[in-house]
Amino acid sequence: EQIPWTAYREKMLTDFAAGQGADIVEISSYWMCEFVGRKLLLALDEYMATDPDLAKDKWIPGAFLERIHTFAGATYGLPSGDSPKVLWFNKDVFAAAGVKNPLEWEAEGKWNWDTFLDVVTSLTKGEGPSKHFGYWTWMARADTHDIMRSFGGGWTDQDASEVWCEKPESIQGLQFALDIFLKHKAAPLTQELQAMGGGQQMFLTGRLAMFMSGVWEVYSLKQTKVPYDVAPLPSGPAGRFMHHGANALVLPAACKHPDQAWELMRFLKSPGLEKIMVQGEGFMPFQKASVETFLSKGHIPSAQVFIDALEKGWAPPIPLNTNATQMDQVVGDALGIALSEGKDAAWVAAEVAPKLEPLVG
């Protein structure tokens, strides 16, 4: 059963409270803290112990995320959907400009935010409707948090228990992100993006050199002649962060047929089915048995980047608690004003901090 996203959470809560609805549900990572806290989900550890194929050692290290799939040592969800965020880049754009691409910089150990800025500014040329841009991403809490954290800050700490956005490191990282749009004009603002047909159209026509997104982009890109590839996000003074918003496949506590539902869940997350799903269909592998299929048949030349993000700890989730959606709204509203009115990071932090305070903890 497919449900419109805007109605999904409320329908789940209503169904669970009424003891009815689906026996297996895919839950957004944003809701897991609330659903587990309200005891709406079944723990899966006893079921997993009966199936060697789904034992924890069969999954890629980093696939199970605390506060999404596991809580205080108990497992409430199996990884399902989404992926670490990477940089998709057009190899022809870099070659034509005589600029090293991100993978070449990474091989030299120099893929950091300073290099990134040099690259995106050198690839930004022209004016008006024919302008070429070096980079684009959504300016939301998750995307900006990656940069802020790599500078040593963040909107909050990783547990979403303390507000961090007014720390000097947070403001430094956020100012860097804003400057790409406002000072260097190396990324299109909303009106420019719309005028040029959107980010994907700009990428396909060579007017956008690279953008941040997940594994699902391959579904449409593999059907084009664009010579695309992927690279990790740059490193900062505090490391590299490429947030992962993995969802969770869960059994509701109100499930009327938990044993039979588990049998279906076993099939849905079986290594054989996952191998089919990752063969270029825009799905992230989470089990070790699927990795080779993903690397050899997933239509992403440097697909190892996604696996590295999990295994090397580059891909923590966005800080989550029961107020995660409200935190997104607070940050998103302030960033929207900053981009449209030219506000700086200090203004954004001062605007956001008092509104985040009642939402953390």
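Preceding this section is the structure that the text describes.
Residues numbered from 1 in each chain as written. Predicted model: local features only at pLDDT ≥ 70, side-chain atom pairs only at ≥ 80, totals over all residues. Heavy atoms only, no water.

**Q** Lay out the environment of G336 with the relevant residues and their values.
**A** Along the chain, G336 turns up in helix 16 (residues 324–341). G336 sits 146 residues away from T190 along the chain, and the two C-alpha atoms are 9.5 Å apart. (Helix = DSSP H or I, 4+ residues; strand = E, 2+ residues; numbered from the N terminus.)

**Q** Talk me through the sheet that holds strand 5 (residues 86–90); I want residue IDs and the actual numbers.
**A** With respect to topology, three strands assemble into an open sheet ordered 6-5-7, the strand pairing being antiparallel. Edge positions in the open sheet fall to strand 6 (210–213) and strand 7 (228–231), since each of these has one partner strand only. Going across the sheet, the axis of each strand differs from the next one's by a mean of 30°, ignoring polarity. When strand 5 meets strand 6, the two strands line up antiparallel, connected through four bridges. Bridged to W88 within strand 6 is F211. (Pairing = 2+ DSSP bridges. Axes fitted to C-alpha atoms, helices over the stretch in contact; angles between N-to-C directions.)

**Q** An account of the pairing of strand 5 is requested, with residue identities and associated values reported.
**A** Counting buried positions along strand 5 yields five of five residues, so the element is predominantly enclosed. Judged by which residues are buried, strand 5 turns out to be covered on both faces: V86, W88 and N90 on one side and L87 and F89 on the other are all buried. As defined by bridge partners, strand 5 adjoins strand 7 across four bridges and the pair is classed as antiparallel. Along strand 7, the bridge assignment pairs N90 with Y228. (Buried < 20%, exposed > 50% of the residue type's maximum accessible area, 1.4 Å probe, protein only.)

**Q** Account for the packing of helix 14 (residues 288–297) against helix 15 (residues 304–311), with residues named and values stated.
**A** Taken N-terminus to C-terminus, the directions of helix 14 and helix 15 make an angle of 145°; their axes are 9 Å apart at the nearest point. Residues V291, F294 and L295 of helix 14 pack against Q304, F306 and I307 of helix 15. When the residues that make up the contact of helix 14 with helix 15 are grouped by side-chain class, the tally is five nonpolar, one polar and no charged. (Contact = heavy atoms within 4.5 Å. Nonpolar A, V, L, I, M, F, W, Y, C, P; charged D, E, K, R; others polar.)

**Q** If you had to explain the environment of L273 to someone new, which residues and values would you point to?
**A** Looking at where L273 falls in the secondary structure, it is placed in helix 13 (residues 271–278). In this structure L273 comes out as buried when scored by relative accessible area, which is 18%. For the pair formed by L273 and L320, sequence separation is 47 residues and the distance between their alpha carbons is 30 Å. Those residues in contact with L273, other than ones at most four positions away along the chain, are F267 and L268.

**Q** Can you explain the pattern of salt bridges? Please cite residues and give values.
**A** For the coordinates displayed, the defined rule picks out twelve salt bridges. Measuring nitrogen to oxygen at the nearest pair gives 4.0 Å for the salt bridge that ties E108 to K110. The class for E108 is partly exposed, based on a relative accessible area of 38%. Linking K355 and E351 is a salt bridge whose minimum nitrogen-to-oxygen distance equals 3.0 Å. Highlighted residues: K355 and E351, both in helix 17 (residues 345–356), separated by four residues, approximately one helical turn. (Salt bridge = Lys/Arg side-chain N within 4 Å of Asp/Glu carboxyl O.)

**Q** Which residues make up the packing of aromatic side chains, and what are the values?
**A** Counted by the stated rule, this structure contains 19 aromatic pairs. Ring centres of F16 and F35 lie 5.7 Å apart, and the angle between their planes is 80°; on these two criteria the pair is classed as edge-to-face. Taken together, the positions of F16 in helix 1 (residues 5–18) and F35 in helix 2 (residues 32–37) put the pair 19 residues apart, joining distant regions of the chain. Like F16, the residue F35 is buried in the burial classification. A centroid spacing of 5.9 Å and a plane angle of 50° characterise the contact between W88 and Y228, whose relative ring orientation is tilted. Remark: Y228 occurs in strand 7 and W88 occurs in strand 5; sequence separation between them is 140 residues. Of the two residues, W88 and Y228, neither departs from the other in class, the shared state being buried. Positioned above the aromatic ring of W105 is the side chain of K100, whose terminal nitrogen or guanidinium carbon lies 4.7 Å from the ring centre. Over the aromatic face of W164 sits the side chain of K167, whose NZ or CZ is 3.9 Å from the ring centroid. (Phe/Tyr/Trp six-rings, centres within 6.5 Å; stacked < 30°, edge-to-face > 60°. Lys NZ or Arg CZ within 6 Å of the ring centre and 35° of its normal.)

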